[in-house]
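Close look at the chain arrangement
As a plain string of letters, each chain reads:
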Amino acid sequence: MTRTAGPPAAPRADGRDAIRRVARVITDVVAAAARDARRERLVVLDAGTPEAGLLVRCLTEGGIGLPVERIRSAVGGPASIDGLRARARAAAGVDGLLLDPVNKTVAVLWPETVAEPVLPLADLYASQVAALADGWSAPADAFDLIARAGGIGPVDAFLMEHLDRRRPVEEALRLIPDPDAGAELRDRLAAGWWWRRRLGLVPKLGGRTLGLDLR
Amino acid sequence: MSDQLHVSLLQTAPRLADVEGNAARILEATPRLGRQAALCVAPELALSGYDLRDAAPDVALTSPQLAARLAPGGAVVAGFPERAADGAVYNSVGHVESGRVVFVHRKVHLPTYGMFDEARVFAAGADIGAYEWNGWRLGLLVCEDFWHPGLLYALCAQRVELIIAVAAAPGRGVFEAEGAARFASWETWRRMASVYARVFGIWIALANRAGVEEGVTFAGGSLIAAPDGSLIASAPEGEVAVVGTTLDRGELARLRTPAWHGRDDRPLVVARALLRAEGIE
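Just so we're clear, the structure is a prediction, and the values are computed from it rather than from any experiment.

As a further point, take the interface of chain A and chain B. The partner chain B presents 15 residues to the 22 residues of chain A that form the contact. When residues of the side of chain A that touches chain B are assigned to their parent elements, the largest contribution, eight residues, is made by helix H1 (residues 15-36) of chain A. For the side of chain A that touches chain B, the residue count by class is twelve nonpolar, five polar and five charged.

What follows concerns helix H9 (residues 179-191) of chain A. Residue and element names in this part refer to chain A. If you check H9, its first and last C-alpha atoms are 18 Å apart, about what 13 residues at 1.5 Å a residue would give, namely 18 Å. Listed as buried for H9 are Ala181, Gly182 and Leu185. Taken end-on, H9 shows its buried residues confined to a sector of 100°, consistent with a single buried face. Residues Pro179, Asp180, Ala183, Asp187 and Ala190 are exposed on H9 and point more than 90 degrees away from its buried face. On its buried side, H9 packs onto helix H6 (143-148) and helix H7 (152-164).

This part takes up helix H5 (residues 126-133) of chain A. Residue and element names in this part refer to chain A. Counting buried positions along H5 gives eight out of eight residues, so the element sits mostly inside the fold. Among the residues making up H5, those that are buried are Ala126, Ser127, Gln128, Val129, Ala130, Ala131, Leu132 and Ala133. Check the buried side of H5 and you find it contacts H1, helix H2 (50-61), helix H4 (104-109), strand S5 (136-139) and H7. Downstream of H5 by a residue or two, Asp134 has a phi angle that is positive, lying close to 55°.

Here we come to the nonpolar core. Core analysis: the biggest nonpolar cluster contains 155 residues, and Val41, Ile204 and Ala205 of chain B have the highest contact counts within it. Broken down by element, the residue count for this core peaks at ten residues, all from H1 of chain A. With residues near it in sequence (within four places) discarded, Val41 of chain B still touches Val7, Ser8, Leu9, Leu10, Val77, Ile164, Val166, Ala205 and Ala207 of chain B.

A word on the pairing of strand S3 (residues 68-72) of chain A. Put simply, side chains in a regular strand alternate between the two faces of the sheet. Residues and elements named next belong to chain A. The sheet contact formed by strand S2 (residues 41-46) and S3 spans five bridges and is parallel. When the bridges of S3 are listed, Leu45 appears paired with Ile71. Handedness of the crossover is the feature at issue here: the chain leaves S2, passes through H2, returns alongside S3, and the resulting connection is right-handed.

All names here are of chain B. Where strand S6 (residues 130-133) lies against strand S7 (residues 136-142), four bridges are found, and the strand directions are antiparallel. By the bridge assignment for S7, Glu132 is matched with Arg137. What sits between S6 and S7 in their antiparallel hairpin is a turn of two residues, with Asn134 showing a positive phi close to 55°.

Quick look at the sheet that holds strand S5 (residues 100-106) of chain B now. Residues and elements named next belong to chain B. Overall, mixed pairing links the six strands, which are arranged S5-S4-S3-S2-S1-S14 in an open sheet. Every interior strand has two partners, whereas the edge strands, S5 and strand S14 (241-248), have only one. Each strand axis lies, on average, 25° off the axis of its neighbour in the sheet, ignoring direction. Pairing between strand S4 (residues 89-97) and S5: six bridges, direction antiparallel. Its bridge partner lying in S5, Ser92 is registered against Arg106.

Residues and elements named next belong to chain B. The sheet built from six strands is open, its strands ordered S6-S7-S8-S9-S12-S13 with mixed pairing. Each end of this open sheet is capped by a strand with a single partner; those strands are S6 and strand S13 (231-234). Averaged over neighbouring strand pairs, the angle between their axes works out to 20° when direction is ignored. As paired elements, strand S9 (residues 203-208) and strand S12 (residues 223-225) share three bridges and run antiparallel to each other. Bridge assignment links Ile204 to a residue of S12, and that residue is Ala225. Docked against the sheet, helix H6 (residues 186-200) engages S9, S12 and S13, running at close to 160° with respect to S9.

What counts and what doesn't
- Residues numbered from 1 in each chain as written.
- Chains lettered and ligands numbered in written order.
- Predicted model: local features only at pLDDT ≥ 70, side-chain atom pairs only at ≥ 80, totals over all residues.
- Contact = placed C-beta atoms within 7 Å.
- Helix = DSSP H or I, 4+ residues; strand = E, 2+ residues; numbered from the N terminus.
- Nonpolar A, V, L, I, M, F, W, Y, C, P; charged D, E, K, R; others polar.
- Expected span 1.5 Å × (residues − 1).
- Buried ≥ 20, exposed ≤ 12 C-beta atoms within 10 Å, placed from the backbone.
- Arc of directions from axis to C-beta.
- Core = buried A, V, L, I, M, F, W, Y, C linked by C-beta atoms within 7 Å.
- Pairing = 2+ DSSP bridges.
- Right-handed = clockwise from strand over helix to strand, strands pointing away.
- Axes fitted to C-alpha atoms, helices over the stretch in contact; angles between N-to-C directions.

Without other data, these values stay purely geometric and don't point to any function.
In structure tokens, the structure reads:
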């Protein structure tokens, strides 16, 4: 199950231009992946999240040139992410490429919940997604920790400080007001290492990209 | 010998391990200018693509093989995986002209940080030299070499007028980029080229590749900087493109005004200090 949330108090990019830039990179990478994997259509895992909407918008604005099919969660009911994954994989079949629009915050801290071959938004932190799409999402059971850590703003600030600016974990954790929540984030980061090494293809948007610079 | 030299930067998007196709793309992009003093520059590993890993020995070329493949293109500078006589493979840039090898530089600094693992694939070059072509004094660099100012200094101490750098620099900072830029990271290259050109009083031609390999989008943004630090040609970021301009040696003195720091430089002072730093008196 996934949950969505509105935008945090995070710096906004100049939305239109940022989406145009992100869309171009994502579209180019996804198109090359489809070509290299010899797939003729794209299947988006769409749990009704802001990320899914942003991904489809990026592919459309980027002029992907391939059919894009959205496999959606049941309208009005709780999204069972496992059921959705099974349907999406079945829909992808042998000629479709399955895209999971997970954000970087989730891919770093909850990588065991991510399993698809292409993760087009996984180099955008949740707060960056929110700046482009007015919301973000995470696995439902992640929300309690994010809330205790002060919200998605401090969580992403901690990750950026550690991953992108290479500040040691303990120093970066000073951005998390609650020490217990900080300790849990530190443990999640450590526990996710093995899973992060096995993530799918991530288009490079930032300085340290999962699977490329950050394993 | 000509006081004018037309330089075209071929911002290609090589396909990985497709040497024949990439050579064809270079030749297709080569402008037919009908001028004798024209030089086309294709990016780092333009013949092979970047992330070769253990395919590097399979697609590597000797420099005469490079010259043969690019012979119809006239004078071309292009990055290629170079197979040396002893079997080692270098990340090299070759200047070839009508089937003849003019000069080859082997990348000295192989990056191994972040996403890069070039030292696993390539042997490192061990020299930096200038050469003469068509009356111009030139020097070649490959990508990471450009981040080591000592190499540019060494070329300028050999009185080069034009440094040609070929690159396969990824685009980063997509979210943070501003204005018309697509990648915040390319601004650093642009500034370096401008500062190097101004400080050394030379032209800098920087050919970066476009296209995608796996998750990496290459930044493009190829450019030429003049000895006064101004950018006199620039390609769009991230797209296949060809840009060019004519360099006029007659303009060199004016562009170096009011001060040509290179004229007053004293390489031996630096050389002595470097020997001391290395413990060699």
